[in-house]
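Observations on chain architecture
Letter by letter, the chains look like this.
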Amino acid sequence: GAMPGYAGGAMPGAPAAFDPEKPYENPVAYLEQREHEVREKLVQVAEARLLRAELKQCYRTEGVNYHTACKELAEKYIHTIKNVGLQKYNASPRDNN
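Conventions adopted
Residue numbers restart at each chain and count upward from 1, following the sequence in its written direction. Since the coordinates come from a predicted model, pLDDT governs what is reported: local features require at least 70, and pairs of side-chain atoms require 80 or more to be given and counted, while whole-chain, interface and lining totals use all residues. Only hydrogens and water are set aside; all other atoms, that is, all heavy atoms of the structure, feed into the side-chain values. The nonpolar core is taken to be a set of buried Ala, Val, Leu, Ile, Met, Phe, Trp, Tyr and Cys residues, with the residues joined through side-chain atoms within 4.5 Å. Burial here depends on accessible area, computed with a 1.4 Å probe over protein chains only, as a share of the maximum for the residue type. Under 20% is buried, over 50% is exposed, and the range in between is partly exposed. Under the scheme used here, helices are H or I runs from DSSP no shorter than 4 residues and strands are E runs no shorter than 2 residues, and both carry numbers assigned from the N terminus. Should any heavy atoms of two residues lie within 4.5 Å, those residues are counted as being in contact. The span one expects for a helix is its residue count, reduced by one, times 1.5 Å. Candidate patch residues must exceed 30% relative accessible area and have no salt bridge, after which like charges are joined if within 9 Å and Val, Leu, Ile, Met, Phe, Trp or Tyr side chains if within 5 Å. Using a 1.4 Å probe, the Shrake-Rupley method yields the accessible areas, and only the shown protein chains count as cover for residues. Any carboxyl oxygen of Asp or Glu within 4 Å of a side-chain nitrogen of Lys or Arg constitutes a salt bridge here. Two residue types count as positive, namely Lys and Arg, and two as negative, namely Asp and Glu; His and chain ends fall outside the count. In this description, the location of a charge corresponds to atom NZ of lysine, CZ of arginine, CG of aspartate or CD of glutamate. Within 6.5 Å between ring centres, the rings of Phe, Tyr and Trp (the latter by its six-membered ring) count as paired, and their orientation is classed by plane angle as stacked under 30 degrees, edge-to-face over 60, tilted in between. Every axis in this analysis is a line fitted to C-alpha atoms, fitted for helices over the stretch in contact. Angles between the N-to-C directions lie between 0 and 180 degrees. If an angle is under 35 degrees, it is roughly parallel; if it is over 145, roughly antiparallel; if it lies from 65 to 115, roughly perpendicular; otherwise it is oblique. Less than a right angle of anticlockwise turn of the near helix away from the far helix marks a crossing as left-handed, whereas a clockwise turn marks it as right-handed. Gly counts as polar in this scheme, as do all residues outside two lists: the nonpolar Ala, Val, Leu, Ile, Met, Phe, Trp, Tyr, Cys and Pro, and the charged Asp, Glu, Lys and Arg.

Within soluble globular proteins, side chains that are nonpolar tend to cluster in buried spots. The biggest cluster of nonpolar side chains holds seven residues, and these are Leu 51, Leu 55, Cys 58, Cys 70, Leu 73, Ala 74 and Tyr 77. At the level of elements, helix 1 (27–62) and helix 3 (71–81) are the ones that each hand at least two residues to this core. Those residues in contact with Cys 70 that lie beyond four places of it in its chain are Leu 55, Cys 58, Tyr 59 and Glu 62.

As C-alpha cells, this is what we get:
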C-alpha cells in the first residue's frame with residue numbers, strides 16, 4: 001500500500017521552515033531536513049548500484065573489448081560514486097569525529 005503522508009508515491013521535498021543559517025532554531029524542521037538529505041543520499045546510492053550492475057554486465061558481454069566499449073559507463077559510475085554514502089548522517093554535532 002501507499003505510505004501515509006506521501007501523495008502519489010512522491011517523497012516530500014526539503015522543509016520550507018528550515019533555515020540553514022540557524023539550523024537548531026526549529027528542531028522539527030531540522031530533523032525533517034536531515035531526513036530529506038538522507039533520502040537524497042539513499043537515492044544516489046541506489047543509482048550507483050544500478051550503474052555498477054550495468055557496468056558488470058558490460059564487462060561480461062564485451063570481453064576483451066571492455067576498455068573501449070564500457071569506458072563511458074565506467075566514467076559515469078566513477079562520477080556517481082564520488083561522495084556517495086551515509087557516513088555521518090546519524091551523527092550530531094556533539095558526537096566525536
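Additional details are given in the paragraphs that follow.
Let us now look at the environment of Met 11. For Met 11, the location among the structural elements is in the segment before helix 1. Residue classification places Met 11 among the partly exposed positions, given a relative accessible area of 46%. The spacing of Met 11 and Arg 39 is 28 residues in sequence and 8.6 Å in space, taken between C-alpha atoms.

The first and last C-alpha atoms of helix 1 sit 52 Å apart over 36 residues, in line with the 52 Å expected at 1.5 Å per residue. Burial in helix 1 covers these residues: Ala 29, Tyr 30, Gln 33, His 36, Arg 39, Lys 41, Val 45, Ala 48, Leu 51, Leu 55 and Cys 58. Buried residues along helix 1 sit against helix 2 (66–69) and helix 3. Immediately beyond the C-terminal end of helix 1, within one or two residues, lies Gly 63, with a positive phi of roughly 65°.

Judged by side-chain charge, Arg 49, Arg 52, Lys 56 and Arg 60 come together as a positively charged surface patch. As for its position among the elements, Arg 52 is in helix 1. On the basis of relative accessibility, which here comes to 39%, the residue Arg 52 falls in the partly exposed class.

Overall, the coordinates contain two aromatic pairs when judged by the stated rule. Both rings, one in Tyr 24 and one in Tyr 30, keep their centres 4.9 Å apart while their planes meet at 50°; by these two values the pair is tilted. Residue Tyr 30 is classed as buried on the basis of its relative accessible area, which comes to 19%.

Along the chain, Gln 33 falls in helix 1. By relative accessible area, Gln 33 is classed as buried at 12%. Ignoring anything within four residues of it in the chain, the contact list for Gln 33 reads Ala 14, Pro 15 and Phe 18.

Now for the environment of Leu 51. The topology assignment puts Leu 51 in helix 1. Between the C-alpha atom of Leu 51 and that of Lys 76, which follows or precedes it by 25 residues, the distance is 8.0 Å.

For the pair helix 1 and helix 3, interaxial distance at closest approach is 9 Å and the crossing angle is 155°. With respect to each other, helix 1 and helix 3 are oriented roughly antiparallel. In the packing of helix 1 onto helix 3, the handedness of the crossing is left-handed. Residues Gln 44, Ala 48, Leu 51, Arg 52, Glu 54, Leu 55, Cys 58 and Tyr 59 of helix 1 form the contact with helix 3, whose participating residues are Leu 73, Ala 74, Lys 76, Tyr 77, Thr 80 and Ile 81. When its residues are assigned to classes, the contact of helix 1 with helix 3 shows nine nonpolar, two polar and three charged.

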